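Structural overview
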Amino acid sequence: MKKIWIILLALAVFSTSCKKKATSGEEQSAHFVVKDETGNKVENNHTFTFRTAAPQGGVLNLLITNTSASTIHLKTKLISVSGASGQDMEFCFGNCYIGMQQGTAYPQNGTFDLNGNATSQPGEIHFINHFANGQAEYTIEIYEVDNSGNQIGDAFTFKYQYTP
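Residues numbered from 1 in each chain as written. Predicted model: local features only at pLDDT ≥ 70, side-chain atom pairs only at ≥ 80, totals over all residues. Heavy atoms only, no water.

**Section: the overall build of the chain**
Where we set the bar: Think of it this way: any DSSP run of H or I at least four residues long counts as a helix, any run of E at least two long counts as a strand, and we number them from the N terminus. Three exposure classes are used, based on accessible area relative to the maximum for each residue type with a 1.4 Å probe and protein chains only: buried under 20%, partly exposed in between, and exposed over 50%. Here, residues are in contact when the closest pair of their heavy atoms is within 4.5 Å. A 1.4 Å probe and the Shrake-Rupley method give the accessible areas. Residues count as covered only by the protein chains that appear here.
A tally of helices and strands in the chain yields 1 helix and 11 strands. Looking at the chain as a whole, 40% of its 164 residues are labelled buried. Of the contacts made within the chain by residues no fewer than 6 positions apart, 73% connect residues no fewer than 24 positions apart. Carbon together with sulfur atoms contributes 51% to the accessible area of the chain, which is approximately 9,600 Å² in total.

**Some remarks on the pairing of strand β9 (residues 125–129)**
To be explicit about the condition: Being paired, for any two strands, means DSSP has found at least two bridges between them.
In terms of residue burial, β9 counts as a mostly covered element, since 5 of its 5 residues are buried. Of the two faces of β9, the one holding Ile125, Phe127 and Asn129 and the one holding His126 and Ile128 are both buried throughout. Bridge analysis of strand β3 (residues 59–66) against β9 gives 4 bridges, and the strand direction is antiparallel. When the bridges of β9 are listed, Leu62 appears paired with Ile125. Judged from the 5 bridges that link them, strand β5 (residues 89–93) and β9 form a sheet pairing that is antiparallel.

**A few points about the packing of aromatic side chains**
Spelled out, the test is: Here a Phe, Tyr or Trp ring, Trp counted by its six-membered ring, pairs with any other such ring whose centre lies within 6.5 Å, and the pair is stacked when the planes are under 30 degrees apart, edge-to-face when over 60, and tilted otherwise.
Under the definition given, this model contains 10 aromatic pairs. Consider the rings of Phe91 and Phe127, whose centres lie 5.9 Å apart with planes at 5°: the pair is stacked. Of this pair, Phe91 sits in strand β5 while Phe127 sits in strand β9, and the two are 36 residues apart along the sequence. Phe127 carries the same exposure label as Phe91, and that label is buried. The interplanar angle of 75° and the centroid separation of 5.9 Å between the aromatic rings of Tyr138 and Tyr160 together place this pair among those described as edge-to-face. With Tyr138 in strand β10 (residues 136–145) and Tyr160 in strand β11 (residues 151–162), this pair connects stretches of sequence that are 22 residues apart. The residues Tyr138 and Tyr160 share a single accessibility class, namely buried. Each residue in the set Phe48, Phe91, Tyr97, Tyr106, Phe127, Phe156 and Phe158 is aromatic and connected to the rest through ring pairs, giving one cluster.

**A look at the sheet that holds β9**
Filter applied, for reference: Angles run from 0 to 180 degrees between N-to-C directions of axes, and those axes are lines fitted to C-alpha atoms, restricted for helices to the stretch in contact.
With respect to topology, 5 strands assemble into an open sheet ordered β1-β3-β9-β5-β6, the strand pairing being antiparallel. With one partner strand each, in any of the chains shown, β1 (32–36) and β6 (95–98) form the two edges of the open sheet. Between one strand axis and the next, the sheet turns through 15° on average, direction left out of account. Note that β1 and β3 share 5 bridges and pair antiparallel.

**Focus on the nonpolar core**
Applied cut-off: Residues enter a nonpolar core if they are buried and are Ala, Val, Leu, Ile, Met, Phe, Trp, Tyr or Cys, with the set joined through side-chain atoms within 4.5 Å.
Core analysis: the largest hydrophobic core is formed by 30 residues, its most contacted members being Leu62, Ile64, Phe127 and Phe158. The residues touching Phe127, leaving out its near neighbours within four places in the chain, are Gly58, Val59, Leu60, Leu62, Thr76, Met89, Glu90, Phe91, Met100, Ile140, Phe158 and Tyr160.

**Concerning the environment of His73**
We apply this condition: For this analysis, a polar contact is any N or O atom pair within 3.5 Å, provided that within protein one partner can donate a hydrogen and the other can accept it, and provided that sequence-adjacent residues contribute only side-chain to side-chain pairs.
Position of His73 relative to the elements: it lies in strand β4 (residues 72–82). Note on His73: relative accessible area 17%, which makes it buried. Taking C-alpha positions, His73 is 5.7 Å from Phe112, a pair spaced 39 residues apart along the chain. Residues in contact with His73, not counting those within four places in the same chain, are Thr111, Phe112, Asp113, Tyr143, Glu144, Val145, Asp146 and Asn147. Among the polar contacts made by the side chain of His73, one reaches the side chain of Asp113 at a distance of 2.7 Å.

Okay, here's the thing in structure tokens:
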């Protein structure tokens, strides 16, 4: 019986020592979830399709919920666009802008900060395609950054698609 306890103890010690230890450079998870304007969680890589352009339609309102107790810092970026230019996109991500430059992170100076366990206010985060003359598709990501501006975890990516 004593040998069994020694073997079990040795296995426990060995398996604990083989686990990967966290380091300061290890990837962390992002601390937010994205929801539609009614509060339903939106899955990563979701496509939002609109058949009418602004002002009658085409407004994508999103809510972001911070899932941590600490303030998080967020940015958004236009990854790709087809059928239009990013200049046709009006969006608010804390501050409001007309036109998105592909590959540029917004806000350009600073971040959109969200207090611990809080949800952004309705209308604070929205995207609107203006002046669409045909099909247009925007791939946009939202991601968390640390105090130095380095990305934390995976980005949340979505497509805004206008199909008249």
